[in-house]
Amino acid sequence: MKEIREILLTPHITEETMKNMVNPRNDVHKYVFKVAMDATKTDIKAAIEKRFDVKVDSVNTVITRGKIKRVRMVAGKKPNWKKAYITLKAGQKIAEFEGV
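Residues numbered from 1 in each chain as written. Predicted model: local features only at pLDDT ≥ 70, side-chain atom pairs only at ≥ 80, totals over all residues. Heavy atoms only, no water.

1. Let's talk about the overall build of the protein chain
Secondary structure summary: the protein chain contains 3 helices and 7 strands in total. Secondary structure elements of the protein chain, listed N to C terminal, follow the sequence α-β-α-β-β-α-β-β-β-β. Here the C-alpha coordinates of the protein chain stretch approximately 55 × 30 × 20 Å along the principal axes. Considering only residue pairs separated by 6 or more positions, the protein chain has 65% of its internal contacts joining residues 24 or more positions apart. Summed over its atoms, the accessible surface of the protein chain is roughly 7,200 Å², and 51% of this surface lies on carbon and sulfur atoms. When the 22 basic and 12 acidic side-chain charges of the protein chain are each reduced to a single mean position, those positions are 10 Å apart. (Helix = DSSP H or I, 4+ residues; strand = E, 2+ residues; numbered from the N terminus. Contact = heavy atoms within 4.5 Å. Areas by Shrake-Rupley, 256 points an atom, 1.4 Å probe, with all protein chains shown as cover. Lys, Arg positive; Asp, Glu negative; His and termini not counted. Charge placed at Lys NZ, Arg CZ, Asp CG, Glu CD.)

Listed below in structure tokens is the structure:
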């Protein structure tokens, strides 16, 4: 297995991810991370459990396609990247993201 810092790149914090972070009905927390393109769901689950000392319920991944950008006459493309939606077991939460 790769090192944790090679699998989990950065947390992906936006308004939408913050809005969906906590489900008040059943106290389930969801987090979104940018991850390495070659990381599997089992690698991501193991890295989250080891790094934050929580129990992961499920991992869903999405490959986000890079946008095509132009600079004057030259067209270029931003790189593709992968994000993982992490759902923790009920009652579990990551303390580092509280109050963000």
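2. Digging into the packing of aromatic side chains
Inspection of every chain in the model, using the stated rule, returns 4 aromatic pairs. When the ring of Y31 is compared with that of F97, the centres are 5.4 Å apart and the planes differ by 35°; the resulting orientation is tilted. With Y31 in strand β3 (residues 28–35) and F97 in the segment after β7 (81–88), this residue pair connects regions lying 66 residues apart in the sequence. By relative accessible area, F97 is classed as buried at 9%. For the ring pair F33 and F52, a centre distance of 5.9 Å and an interplane angle of 35° mean the geometry is tilted. (Phe/Tyr/Trp six-rings, centres within 6.5 Å; stacked < 30°, edge-to-face > 60°. Buried < 20%, exposed > 50% of the residue type's maximum accessible area, 1.4 Å probe, protein only.)

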